[in-house]
Structures are given as structure tokens and as C-alpha cells.
Amino acid sequence: MTERQRTALAIAGGLLLLVLSIAAASVVGAAGLSPADVLRTVAAHAGLPVAPLSPLDDGIVWELRLPRVLLAVLVGGGLSVCGAVLQALTRNPLADPYLLGISSGASTGAVAVLVLGLGAGAVALSAGAFGGGVLAFCCVLAMIGRAFGSTIRVVLAGVVVSQLFSALTSITVIWAADAQSTRGVTFWLLGSLASASWASVALCAVVATAGILVCWPASPALDAFAFGREVAASLGITPARTELVLFTVTALATAVLVAASGAIGFVGLIVPHAVRALTGGRHHVLLPACALYGGVFLLAADTVARTAFAPREIPVGVLTALIGVPAFALVIRRRKEAPA
Amino acid sequence: MSFHAHDVTWTAQGRPIVDGITVDITPGGLTGLLGPNGSGKSTFLRLLAGLLRPQGGAVLLDGHDLGRLPRRDVARRLAVVAQEVSTDVELTVLDVVLLGRVPHRRRLATAAGEEDLTRARRALRRCGLAGLEHRRWSTLSGGERQRVNIARALAQEPSELLLDEPTNHLDIAHQLSLLDLLAATPVTVVTALHDLNLASQYCDRLLLLHEGRLIAAGPPGLVLTEETVERVYGVRAEITTSAAGRPSLRFLSSALTRH
């Protein structure tokens, strides 16, 4: 099998898997709906001449399940692409939006907007999340300078900044919120897709698409970063400009995704590593594959999270952490720390 | 085609590393950059490559200040092989060599085309790596990595090629075949070297650096004299001239061990 065939297979397989997962996840759940019911609902909302379901079932499919399924795909795909881009730029296999503190900062920003009553719409939340995410990332940068390659420094800075921002989040929540909203915010902070709505799906779709459209043409530059900034520069890349554009885009995308779903950890870490084993390290294949398989992964995780302990559901962020921590350990063990 | 350094200066923490070097690089020739550890060879190469901006003076490529040319245009002409490069990313040998095609690709082309593959494979063959195309970078020996980096630079199809001690990690057979390759290409090559005899044997012209200054420049017979070698390296050497008119050095003693 040639390289090209393997690539085509990986992408086509990812697409097929994504379609099948969406179909399966839309059906799984307490209401006992069939794939035909789901299709009928979609058709009815698309204005096709089919008999709609009962208002209750229609509501379950159209207002609850479909937005949640699509949001899982967008958030999973988006976080995975961000993780892959951050790993390339920092040349650090442990980089991901969550570990770098961006997710934690974004949570603080979104909670501040929510709790302090600065606005409640998806856009206001995302703006707050972006502010917080960028602030957190700047804190990490201030701590590590340009020592991106040093795993230890990056991870330590990320952990410390995450702690700082979750402390700020806790203060904000305790200071301003009542018991009811505290519970809601806490659930969301752990990473949950339960509050999915068409508005958040639309916003995430726009941001995820825009993110891919910026990052994918930068694939050769990301490849060139493999041997460091100086080699990238000698290949005609302007490292500082590439870093500025791509760090900003990933921070923005992460912030919008976190505003919609809370800080779901480890997706951006595990998925790129798993996909690399399948497609190799070249980013023009890796990035689209991450978008597909990241979507599949988070959708599967969320479906398990909402059904495994039904009628109770666990935040999907808890589940990704359960899967992610062993994967993290594996990456750490496999990484041979370069002699200083 | 001209490549020229004019009064180039680089200072780090108040200490001059490269101190006012002016030199014309011979087009199409093989220029050896010599000097003891810490004499400024690597920094001077970086300045020539445009990876560092000179704090004084300028590097001129066809009369244009290198620092003002767009990076991509520079990368289409000038390739660099740094001394130690490594990566944790799992790339195949072909992936690495294809990086050399990045500056030649159309801006929005994210994947390498057939043309790029052909040129990358040609570069691999020239470096004796034809069978290694699908090997992973992490499984290569130091010498193989060095040759892959050189193949990557050749795939860039530069008119100027700068190398920082490319014979490091290579056994003598591979050192000779690399220098044969560099001497045979029509490309203008500047390479830092440690081995004075190899430099004398292969290079058209030598530049001898000492404490950031250019001490001597010219054909090997003029640069490698008993007097300059003792002055720069602190080593006494007996120099004979080979049949080809190139100096050959036999080292007698080092001032570093002589008290």
C-alpha cells in the first residue's frame, strides 16, 4: 500500500466513521428513537413533506440530541486540531490547550461574564472566554520565555497557571453566585456538552471552520518547525509571524469551544498522538484527520457519559480525563528527554 | 551571482563574536571556514545565512542586503545545514528531505507534488540514501541524520549552500564522499571544517578565523602556513606541499599541553 493510498484510507475511514458515529449517537438514549425517526425529524425541519414526530420526540431529537451530537463533533475536532498545531509550534508532545492553561483561563473569562451578569449570549460568553484564554496563555509565555521545547517548564507553567485561573474562577463563583447557579457552573466547568444549543453549534461551526482554514494552509510551515525555529527560518518561514498567527487562532478557537462546552481536557493531547500513528507527522494529512477522529472520539465519549449511568450523567470532561491521564503517562514515558 | 560580507559584526554580552569581517565568497567554489573552537565560525555562518541580523555591516546577495530580502526568496537560493538538529516528531527520511521543497511550493499548496518528490529523491541518491526513503528519523544513526540534513539542503536546490561542520558524526569514508560531493557541485559552498588536512585537500579557498576576526583568506597554500597555524591554534606543525600543490600538515606539539 503506497503512502497516498494509506492517507486516502485514513481520511475516508475517518469520514465514514464520523457519519456512522453521528447516526449512532443520535439514536442512543432513553427515548427509544430509531434512525428513521431522526431522519424524519431532520427532513421535517428542512421543510420536506414528511409527517413530523410527536412534539415531545421532535423536541428530544431537534432541541436536545442533534445540537449535542454536533457540538461534540465540533468541540472534539476543534480541540484536536488546536492540540496538533500547538504541539508542532512548541515542539512539545505534551502541548494541548488544556495543559497550557488556555482552557482554564477561558473558563474563568466565561464564568466572569456569566456570573457578573455582563451578558449571557454565546457571543458574550465566547468573548469573555477569549479574554481569559489569552490572558492565561500570556502568563504561561511570561513564565517560560521561549523555552517551548522544555517539557518540564511548559508543563509546570501550564499547571501553575491552570491552578491560578481555577482559583480565580472559584472566587468568582462563590462571591457572586447562588447555590443553584453554582451547581450549574461547576458541572459546566468539568466539561459538559449538556447545554448544547443551535446557537452554540453555529458559533463553534464558524470558529472550527475558520480555524481549519487558517491552520491547514500553514501545514508546510508546521512541518518545517519540526527541526526548530532556525531551520524553519532557513526554509523561508518567518517563525515569529507564524507563531503569532497560529497561537492567536488556537487561543481564539479554544476559547469559543470552551465557552460552549467547558474545559474538556486531554482531547487535544491524545487525539493528535493517536492520529499521528495512523497518518504520520505531515500536517496536511494530520490536521484534517485530527478534525475527523477528534470529532468521533469526543462524540463517543459524550455518548458514553450521558448513557452509561442513565438517568444520571457524568460530565464528559471527567471521562476524557479518565482516558487521558494514562495516555499522558504513556507519552511522558516514551519521550526521551534530550540531554541538556 | 555574488555573495559578499561587508564589515559584518556580531556582539554578545558586550563581547565581539564576529568582529568586522569583510570577504567575497568565490562563486561556484568550495570555501572552507577554519578556526579553533569559539573563533566565531558558527556565528559567522549564521550571519551569512541571514539567520542572524548583523549588528554592524551587511551581508550582500547579488548586491542586495540579505536582511531586507523576503525570507522565502532567500530560502530559494540559500540553504543551511546547521550543526546539531533534532526532532521528536515522527518523520520519515523522505518527509525530512521534502522540507527542502517548502520554499519552492506555491503558497497555498499544502502537499508536495510529483516534481517535489522527484527532486527530493534525486537529492537522496546524491547523498547515498536512496534505500532509506521510508526509514523513520528516530531510527537513524548520527551519520545518517547528518546526510539526511544535507540531502534536505540539496533538495532546496540552492545556489549558495552553507554548512556547519558537516563532517561531524561521519566516518572517514563518508567524510570523503561528502567533500567529493561538495567539491563537485556547481553550487557556491561555504563550510566550517575542523580537519585542516581535509580542508586543504578539498577547498578552493580557506577563511581562517581567530577571535572573531578574519586572519587569512585565500588558497590553502597561502592560508595554512606554519606561522598562521601556530598563531591561531597554538600548535606547531610541519607543512609539506603535496604533488597537487596543496599543503599537508603533520602536527608536532600543542601549546595547550606545553607549559
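From a predicted model like this one, the values you see are computed outputs, not experimental measurements. (Residues numbered from 1 in each chain as written. Chains lettered and ligands numbered in written order. Predicted model: local features only at pLDDT ≥ 70, side-chain atom pairs only at ≥ 80, totals over all residues. Heavy atoms only, no water.)

1. Looking at the UniProt feature "domain: ABC transporter" (unreviewed entry) in chain B
To keep things clear, this is the line we draw: UniProt positions are given in the numbering used here, feature names are shortened, and annotations may be inferred rather than shown by experiment. Strands here are runs of E lasting at least two residues and helices are runs of H or I lasting at least four, both read from the DSSP assignment and numbered beginning at the N terminus.
Taken from the UniProt record, the annotation "domain: ABC transporter" (unreviewed entry) applies to residues 3–236 of chain B. Secondary structure across residues 3–236 of chain B divides into 35% helix and 26% strand, with the first and last C-alpha atoms of the span separated by 34 Å.

2. A look at the interface of chain B and chain A
What counts here: Residues are treated as being in contact if the distance between any of their heavy atoms lies within 4.5 Å. Buried area adds together the accessible area that both of two parts lose upon being put together, with accessible area traced by a 1.4 Å probe. Any Lys or Arg side-chain nitrogen found within 4 Å of a carboxyl oxygen on Asp or Glu counts as a salt bridge. Distance and chemistry together define a polar contact, namely a pair of N or O atoms within 3.5 Å, with one atom able to donate a hydrogen and the other to accept it when in protein, and with adjacent residues in sequence counting only for side-chain atoms on both sides. All residues other than Ala, Val, Leu, Ile, Met, Phe, Trp, Tyr, Cys, Pro, Asp, Glu, Lys and Arg, Gly among them, are scored as polar; the first ten of these are nonpolar and the last four charged.
Listed per partner, the contact involves 30 residues of chain B and 22 residues of chain A. Buried surface at the junction of chain B and chain A, both sides included, amounts to about 2300 Å², of which 62% is carbon and sulfur. Taken together, the links from chain B to chain A amount to two salt bridges. Salt-bridge contacts for Arg-46 of chain B lead to Glu-230 of chain A; the nearest nitrogen and oxygen are separated by 2.7 Å. At the junction of chain B and chain A, the tally comes to three residue pairs in polar contact (both at pLDDT 80 or more). Sort the elements by how many residues they give to the side of chain B that touches chain A and helix H2 (residues 71–77) of chain B lands first, with three residues. For the side of chain B that touches chain A, the residue count by class is 15 nonpolar, six polar and nine charged.

3. What about the sheet that holds strand S7 (residues 160–164) of chain B?
Residues and elements named next belong to chain B. Where we set the bar: Paired strands are those between which DSSP finds at least two bridges. With axes taken as lines fitted to C-alpha atoms, and helix axes fitted only over the stretch in contact, angles between N-to-C directions fall between 0 and 180 degrees.
If you trace the six strands from one edge of the open sheet to the other, you get S6-S7-S8-S3-S9-S10, paired in mixed fashion. Unpaired on one side and paired on the other, strand S6 (78–81) and strand S10 (213–218) mark the two borders of the sheet. Between one strand axis and the next, the sheet turns through 15° on average, direction left out of account. Relative to strand S8 (residues 188–192), S7 runs parallel, the two being bridged by five bridges. Residue pairing for S8: Leu-163 is matched across the bridge by Thr-191. Sheet strands touched by helix H1 (residues 41–49): strand S3 (30–34), S6, S7, S8 and strand S9 (205–210). Its angle to S7, the strand with the most contacts, is close to 155°. Contacts from helix H9 (residues 226–233) reach S3, S9 and S10 within the one sheet, and its direction differs from that of S9 by about 35°.

4. Looking at the nonpolar core
Just so we agree on the cut-off: As used here, the term nonpolar core means buried Ala, Val, Leu, Ile, Met, Phe, Trp, Tyr and Cys residues forming a set that is joined through side-chain atoms within 4.5 Å. Only protein chains enter the accessibility calculation, which uses a 1.4 Å probe; a residue is then buried when its area is under 20% of its type maximum, exposed when over 50%, and partly exposed in between.
Ranked by size, the top nonpolar core spans 124 residues in total, and within it Phe-227 of chain A together with Leu-34, Val-97 and Leu-161 of chain B carry the most contacts. Examining the composition of this core, we find that 14 residues originate from one element, helix H3 (residues 55–90) of chain A, more than from any other. When near neighbours in sequence (up to four residues on either side) are disregarded, Leu-34 of chain B contacts Lys-41, Leu-193, Leu-196, Ala-199, Leu-206, Leu-207, Leu-208, Leu-209, Leu-224 and Tyr-233 of chain B. With 27 residues, the next largest nonpolar core counts Ala-233 of chain A together with Phe-3, Ile-21 and Leu-78 of chain B among its residues.

5. Notes on the sheet that holds strand S4 (residues 56–61) of chain B
Residue and element names in this part refer to chain B. Read across the sheet, four strands follow the order S2-S1-S4-S5 without closing on themselves; strand pairing throughout is antiparallel. The sheet is open, and its two edges are formed by strand S2 (15–25) and strand S5 (64–65), each paired on a single side. In this sheet, S2 lies alongside strand S1 (residues 3–12) in antiparallel orientation, the contact comprising seven bridges. Directly across from Trp-10, in S2, lies its bridge partner Val-18.

6. A closer look at the UniProt feature "transmembrane region" (unreviewed entry) in chain A
Residue and element names in this part refer to chain A. Mapped onto the present numbering, the UniProt feature "transmembrane region" (unreviewed entry) falls at residues 66–86, 98–116, 122–142, 154–177, 197–219, 244–271, 283–301 and 313–332. Along residues 244–271 one finds 82% helix and 0% strand; the C-alpha atoms at either end are 24 Å apart. Strand forms 0% of residues 283–301 and helix 100%; the C-alpha atoms that close the span are 25 Å apart.

7. A look at the pairing of S10 of chain B
The sheet contact formed by S9 of chain B and S10 of chain B spans five bridges and is antiparallel. In the strand pairing of S10 of chain B, Leu-207 of chain B is matched with Ala-217 of chain B.

8. Some points on the side chain of Arg-68 of chain A
For Arg-68 of chain A, the location among the structural elements is in helix H3. Beyond its immediate chain neighbours, meaning those up to four positions away, Arg-68 of chain A contacts Leu-193, Ala-194, Ala-196, Asp-302, Arg-306 and Glu-313 of chain A.

9. Description of the pattern of salt bridges
All names here are of chain B. One pass over the full model with this rule turns up 19 salt bridges over all chains. Lys-41 is paired through a salt bridge with Glu-165; the nearest N and O atoms lie 4.0 Å apart. Highlighted residues: Lys-41 in helix H1 and Glu-165 in the loop between S7 and helix H6 (172–184), separated in sequence by 124 residues. On the basis of relative accessibility, which here comes to 7%, the residue Glu-165 falls in the buried class. Arg-101 is paired through a salt bridge with Glu-157; the nearest N and O atoms lie 3.7 Å apart. Here Glu-157 lies in the loop between helix H5 (142–155) and S7 and Arg-101 lies in the loop between helix H3 (93–98) and helix H4 (114–126), a separation of 56 residues in the sequence. Residue classification places Arg-101 among the buried residues on the basis of a relative accessible area of 5%. Classification of Glu-157 as partly exposed rests on a relative accessible area of 30%. Because the salt bridges share partners, they merge into one network encompassing Arg-101, Arg-105, Glu-115, Asp-116, Arg-119, Arg-122 and Glu-157.

10. Structural notes on the packing of H4 of chain B against H5 of chain B
All names here are of chain B. As a reminder of what qualifies: Here is the rule for angles: anything less than 35 degrees is roughly parallel, anything more than 145 is roughly antiparallel, 65 through 115 is roughly perpendicular, and the remaining ranges are oblique. The hand of a helix crossing depends on one turn: near helix anticlockwise from the far one by less than a right angle means left-handed, and clockwise means right-handed.
One way to put it is that H4 packs onto H5 with a least axis distance of 8 Å and a crossing angle of 135°. Classified by the angle between their axes, H4 and H5 sit oblique to one another. You can see that H4 and H5 cross each other, and the crossing is right-handed. Facing Ala-120, Ala-123, Leu-124 and Arg-126 of H4, the residues of H5 in contact are Ala-151, Leu-154 and Ala-155.

11. Side note on the environment of Ala-237 of chain B
Residues and elements named next belong to chain B. Secondary-structure assignment places Ala-237 in strand S11 (residues 235–241). For Ala-237, a relative accessible area of 6% translates into the label buried. Spatially, the C-alpha atoms of Ala-237 and Asp-95 are 45 Å apart, while their sequence positions differ by 142 residues.

12. Topic: unusual backbone geometry
Residue and element names in this part refer to chain B. We note that Glu-165 has phi near 45°; this positive angle belongs to a residue other than glycine. At Glu-211, a residue that is not glycine, the phi angle is positive and equals roughly 50°. Relative to the assigned elements, Glu-211 resides in the loop between S9 and S10.

13. Re helix H14 (residues 316–334) of chain A
One full turn of an α-helix is made of 3.6 residues, so residues set three or four places apart face in the same direction. Quick note on the threshold: Multiplying 1.5 Å by the helix residue count minus one yields the expected span of that helix.
Taking 1.5 Å per residue, 19 residues should reach 27 Å; H14 of chain A reaches 27 Å between its end C-alpha atoms and fits that length. As for H14 of chain A, its buried residues are in contact with helix H12 (267–279) and helix H13 (283–307) of chain A.

14. Thoughts on the confidence of the model for chain A
Counted only if it meets this: Per residue, pLDDT captures the predictor's confidence, and it can take any value from 0 to 100.
For chain A, per-residue confidence averages 85 on the pLDDT scale, and residues scoring 70 or more make up 93% of the total. At the low end of the mean pLDDT range in chain A sits helix H7 (residues 179–189) of chain A, at 71; at the high end sits H13 of chain A, at 94.

15. Overview of the environment of Leu-89 of chain A
Residues and elements named next belong to chain A. Within the element layout of this structure, Leu-89 appears in helix H3. Judged by its relative accessible area of 2%, Leu-89 falls in the buried class. As a C-alpha pair, Leu-89 and Ala-224 span 135 residues in sequence and 9.7 Å in three-dimensional space. Those residues in contact with Leu-89 that lie beyond four places of it in its chain are Leu-222, Phe-225, Thr-242, Glu-243, Leu-246 and Phe-247.

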